[in-house]
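Inside the fold
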Amino acid sequence: MGTALLYDEEMTKYKLLWVDPACKIEVPERLIVSYEALVRSGLSDRCISIPAREASDSEILLVHSELYLEAVKKTPYMTLEDLKEFTLQFGDVYFHPNIYHCAKLASGSALQLVDSVMTGKVRNGIALVRPPGHHSMHGAANGFCVFNNVAIAARYAKQKYGVKRVLIVDWDIHHGQGVQYCFEDDPSVLYFSWHRYEHQNFWPNLRESDYDSVGKESGAGFNINVPWNNVGMENSDYLSVFCHVLLPVAYEFCPDLVLVCAGFDSAIGDPEGEMCATPDIFAHLTHLLMNLAGGKLCAVLEGGYNLTSLAQSVCQTVQTLLGDPLPQLANLRGPCKSAIESLQCARSAHRRYWSFLKHAADPPMTDISTKHVKSAMEEEEKTEMAEEERCTEGKVWPEPPERLCPPVCSASVLPDDVACPDGLKRLSSSKDLEPLLVSKLKNRFRTAAVDGDGVTTFSRLYTLIEKLVVNEIRNGLVLVPDVAAAMMCVVQDLTSDLVKRVLVVCVGKEKELDYITTDGKVLVVQISSEDSEEQRSKYYIPVCLKKGCSDTSGFIQAVLGLLLPLGYEYNPDLVLLVRMPGSGVVDSMWQQLIGLLQGFAKGHTLVLMQVNEKACMGSTASALLGHPAPPLQDLQTPFPEDGDALERLRERLQADWKMLQTTS
Ligand code: Q9C
Ligand code: ZN
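All values derive from a computational prediction rather than experimental measurement.

Scoring rules and cut-offs
Residues numbered from 1 in each chain as written. Chains lettered and ligands numbered in written order. Predicted model: local features only at pLDDT ≥ 70, side-chain atom pairs only at ≥ 80, totals over all residues. Heavy atoms only, no water. Salt bridge = Lys/Arg side-chain N within 4 Å of Asp/Glu carboxyl O. Helix = DSSP H or I, 4+ residues; strand = E, 2+ residues; numbered from the N terminus. Buried < 20%, exposed > 50% of the residue type's maximum accessible area, 1.4 Å probe, protein only. Phe/Tyr/Trp six-rings, centres within 6.5 Å; stacked < 30°, edge-to-face > 60°. Lys NZ or Arg CZ within 6 Å of the ring centre and 35° of its normal. Pairing = 2+ DSSP bridges. Axes fitted to C-alpha atoms, helices over the stretch in contact; angles between N-to-C directions. Parallel < 35°, antiparallel > 145°, perpendicular 65-115°, else oblique. Left-handed = near helix turned anticlockwise from the far one by under 90°. Contact = heavy atoms within 4.5 Å. Donors = N, O, S within 2.8 Å, 3.2 Å for Na, K, Ca; no water. UniProt positions renumbered as here; feature names shortened; annotations may be inferred. Nonpolar A, V, L, I, M, F, W, Y, C, P; charged D, E, K, R; others polar. Near = heavy atom within 4 Å. Polar contact = N/O pair within 3.5 Å; in protein donor to acceptor, adjacent residues only side chain to side chain. Areas by Shrake-Rupley, 256 points an atom, 1.4 Å probe, with all protein chains shown as cover. Domains from an automatic or database assignment. Buried area = accessible area lost by both parts, 1.4 Å probe.

A word on the pattern of salt bridges. A complete count under the given rule lists 23 salt bridges for this structure. Glu641 is paired through a salt bridge with Lys546; the nearest N and O atoms lie 3.1 Å apart. Taken together, the residues span a long stretch of sequence, with Glu641 in helix H20 (residues 640-653) and Lys546 in the loop between strand S14 (540-544) and helix H17 (552-570) at a distance of 95 residues. Judged by its relative accessible area of 42%, Lys546 falls in the partly exposed class. Each of Glu26, Arg30 and Arg130 takes part in a single network of salt bridges with overlapping partners.

What follows is the structure, encoded as structure tokens:
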């Protein structure tokens with residue numbers, strides 16, 4: 001199962017033929033540099049190349065009016081003067097004799113991609129297309145867009161494959177109002193968009209781009225807008241909105257297919273967005289969506305006008321679709337004040353529709369939507385100002401670091417009588433441990449008596465950790481007789497001199513965890529039914545669920561709203577995932593957890609399980625090898641007391657962990 005790449009040089013063959021400052025940034029080079037970067041980095045060779053095709057009339061009519069289609073059909077035969085005039089009836093768009101052809105190829109590419117993913121030819125993929133689509137409407141071109149590629153793809157997937165629920169994630173920096181209008185009253189398509197808004201002072205200046213447009217009639221709750229009211233948003237802001245708004249709703253929605261309006265004008269250096277998120281953020285945004293819908297994800301290019309930033313962002317996205325380890329994101333210091341306001345408003349606008357947001361706090365007293373819409377005169381001043389700023393804006397950022405794949409993806413340390421799951425490399429040899437370490441281990445296991453076998457297991461485990469640290473192996477699965485003891489031993493004896501920060505995720509009951517850490521070298525997050533006593537350290541975080549880990553709704557809420565943001569802020573070099581015997585965690589949830597945790601520590605996850613839990617070895621191995629987790633179906637409404645407790649815990653931890661902030 002691979003990654004599809006759709007590209008056709010033909011889509012570089014139209015351009016602006018007259019002077020129009022609003023449109024001059026939409027150039028053929030956008031597509032050329034994106035594709036060339038994929039070729040140069042060797043990524044395109046690793047993808048499955050799928051030919052583009054033209055969308056048919058009936059496919060275009062899934063979204064657009066006959067009148068509009070017939071009008072666009074005439075554009076190839078128009079004179080320059082006619083084209084200019086035709087263009088004038090729409091906003092911020094241009095026509096060219098070849099754009100109709102390209103627009104059919106762009107929509108058709110999105111459909112080819114949907115076909116490839118839905119038939120199982122590939123797992124996921126990306127379509128590099130021009131013209132973009134998300135601004136075009138039923139009867140109108142807009143914002144460089146002619147046909148709404150992603151909206152057509154969503155309707156097509158529903159019609160041709162009987163897909164019940166489609167999630168559209170629009171991370172382009174503009175509001176895809178065309179997509180919103182198309183699905184406003186449709187509960188089968190959940191549309192999420194964040195966009196530069198500046199209290200309606202940014203293009204397309206629509207009142208309906210604000211957070212309170214939640215959808216209409218039976219589609220109420222299925223349209224999510226997160227307006228950015230300031231420029232300069234960073235990685236922390238984007239990730240916070242994913243963790244605290246999009247992902248809880250997306251998991252509750254449980255899509256059968258994920259479509260991404262993949263615009264990269266939300267990246268640093270872009271003249272339209274003026275944001276500061278770095279290209280490697282798209283690796284994480286992509287990764288966070290890859291365990292939805294069983295991994296069925298189709299990304300379709302929208303905007304992106306800084307050629308350097310665009311090319312880097314496209315590469316980060318494709319490399320993630322291919323399954324390469326995620327880059328570490330350092331120094332995430334939490335969302336800015338304006339981002340918190342936006343995400344808080346979006347959460348509160350949606351809490352009546354989504355049980356995973358039920359406990360969201362009230363928005364701030366001053367309603368941000370009524371803030372300040374500038375008058376036309378102020379608007380003009382602002383534009384002039386911005387023009388000057390733009391020239392001085394010589395933004396530079398380092399190229400994203402190379403993401404090296406270790407030669408071995410997954411290794412195991414198992415008792416000799418346990419068969420190794422397919423695809424894992426069994427570690428059976430190990431160098432002798434230093435005598436000092438052996439005596440430490442023996443000391444630790446005084447009560448449990450480390451015999452010859454015990455020492456062998458731990459010396460293999462130590463070898464495994466060493467290989468993780470030097471990037472020879474990505475992740476590992478370890479079966480031990482006593483997980484609690486092994487966890488202590490890994491944290492205190494085996495990793496202390498090799499790893500700077502270890503994130504320990506403990507699934508199920510274990511009393512002694514709070515002794516592990518206070519010095520920040522280890523962060524422990526424990527999910528269980530154990531009533532949490534008062535918290536002793538910011539590095540020991542017990543999460544208590546009424547029904548423990550067997551309650552998947554509570555569990556996934558804790559993972560998305562707590563564990564992910566904590567992990568991002570802590571930025572571990574190793575993740576130790578410990579499965580306590582009898583935790584009750586459901587298989588699909590366990591796989592989701594492993595999948596999501598691979599976003600940390602460059603994918604260096606070590607899973608510790610008890611020998612008598614062999615039954616879940618297969619699913620664990622599959623998740624470690626990077627296979628998408630099965631969807632969490634039929635989630636129950638979470639227990640109100642759990643939602644409450646999570647919210648209170650988050651509030652309490654906000655002072656120490658900024659990525660947990662959802663209220664100002
Ligand atoms: N300063 C897409 O990103 N406004 N479309 C341009 C120039 C139109 C963006 C104003 C922006 C359209 C797909
Ligand atoms: Zn855009």
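What follows concerns the packing of aromatic side chains. Counted according to the given criterion, the structure contains 25 aromatic pairs. Consider the rings of Trp228 and Tyr238, whose centres lie 5.6 Å apart with planes at 25°: the pair is stacked. Taken together, the residues span a long stretch of sequence, with Trp228 in strand S6 (residues 223-228) and Tyr238 in helix H9 (residues 235-253) at a distance of 10 residues. Assessed through its relative accessible area of 0%, Tyr238 is described here as buried. Ring pairs connect the aromatic residues Tyr68, Phe86, Phe90, Phe95, Tyr100 and Phe147, which therefore count as one cluster. Lying over the aromatic face of Tyr14, Arg130 brings its terminal NZ or CZ to 3.9 Å of the ring centre. When the ring centre of Trp590 is taken as reference, the NZ or CZ atom of Arg579 above it lies at 4.8 Å.

We now examine the pairing of strand S5 (residues 189-196). The buried fraction of S5 is high, at 8 of 8 residues. The alternating pattern of S5 places Val189, Tyr191, Ser193 and His195 and Leu190, Phe192, Trp194 and Arg196 on opposite faces, both of which are buried. Two elements, S5 and S6, share 6 bridges in a ladder whose sense is parallel. Looking at the pairing, Tyr191 lines up with Asn223 of S6.

This part takes up the side chain of Gln592. Examined against the element boundaries, Gln592 turns out to sit in helix H18 (residues 587-597). With a relative accessible area of 0%, Gln592 lands in the buried category.

A few words now on the packing of H17 against H20. Their axes nearest at 11 Å, the elements H17 and H20 cross at an angle of 20°. When the axes of H17 and H20 are compared, the pair comes out roughly parallel. Relative to H20, H17 is oriented so that their crossing is right-handed. On H20, the residues that touch Gly554, Gln557, Ala558, Gly561 and Leu562 of H17 are Leu646, Leu649 and Arg650.

Further remarks concern the coordination of the zinc ion (ligand 2). Every protein donor of the zinc ion (ligand 2) is accounted for by Asp172 (OD), Asp172 (OD), His174 (ND1) and Asp265 (OD), and the metal-donor separations fall at 1.9 to 2.6 Å. Expressed as a motif, the donor residue spacing for the zinc ion (ligand 2) is D-x1-H-x90-D. Remark: Asp265 occurs in the loop between strand S7 (257-262) and helix H10 (281-289) and Asp172 occurs in the loop between strand S4 (166-170) and helix H8 (177-183); sequence separation between them is 93 residues. Taken as a pair, Asp172 and Asp265 share a single burial class, namely buried.

Strands sit in the order S10-S9-S11-S16-S15-S12-S13-S14 across an open sheet of 8 strands; the sheet is parallel. Strands at the two margins of the open sheet, each flanked by one partner only, are strand S10 (425-426) and S14. Relative to S14, strand S13 (residues 522-528) runs parallel, the two sharing 5 bridges. By the bridge assignment for S14, Gln526 is matched with Pro542.

Here we come to the UniProt feature "domain: Histone deacetylase" (unreviewed entry) in the protein chain. UniProt feature "domain: Histone deacetylase" (unreviewed entry): in the numbering of this structure it lies at residues 26-320. Between the C-alpha atoms that bound residues 26-320 the distance is 26 Å, and the span itself is 40% helix and 13% strand.

In the contact formed by helix H6 (residues 99-118) and helix H7 (residues 149-161), the axes pass within 9 Å of each other and the chain directions differ by 40°. Classified by the angle their axes make, H6 and H7 are oblique. Between H6 and H7 lies a crossing of right-handed hand. On H7, the residues touching Ala103, Ala106, Ser107, Ala110, Leu111, Val114, Asp115 and Met118 of H6 are Asn149, Ile152, Ala153, Tyr156, Ala157, Lys160 and Tyr161. Residues belonging to the contact of H6 with H7 are distributed by class as follows: 11 nonpolar, 2 polar and 2 charged.

This part is about the site of ligand 1. Neighbouring ligand 1 are 14 residues; Asp92, Gly143, Asp265, Glu272 and Tyr305 lie closest to it. One of the side-chain nitrogen or oxygen atoms of Asp92 is found 2.7 Å away from a nitrogen atom of ligand 1. Between ligand 1 and His135 there is a distance of 3.3 Å, counted from a nitrogen atom to a side-chain nitrogen or oxygen. In isolation ligand 1 offers 410 Å² of accessible surface; the protein chains occlude 88% of this area. Its residues assigned to classes, the shell around ligand 1 shows 5 nonpolar, 5 polar and 4 charged.

This paragraph deals with the domain arrangement of the protein chain. Many authors give the size of an interface as the accessible area that is lost as the parts come together. On domain assignment, one finds that the protein chain holds domain 1 (2-392) and domain 2 (408-658). Placing the centre of domain 1 and that of domain 2 at their C-alpha centroids yields a distance of 36 Å. Each partner contributes to the roughly 2800 Å² buried at the junction of domain 1 and domain 2, and carbon and sulfur atoms together form 58% of this total. Applying the counting rule to domain 1 against domain 2 returns 1 salt bridge. With a closest N to O distance of 3.4 Å, Glu647 and Arg347 form a salt bridge. Linking domain 1 to domain 2 there are 15 residue pairs in polar contact (both at pLDDT 80 or more). At the level of secondary structure, the elements contributing two or more residues to the side of domain 1 that touches domain 2 comprise H9 and H10. Taken together, the residues that form the side of domain 1 that touches domain 2 break down as 15 nonpolar, 11 polar and 4 charged.

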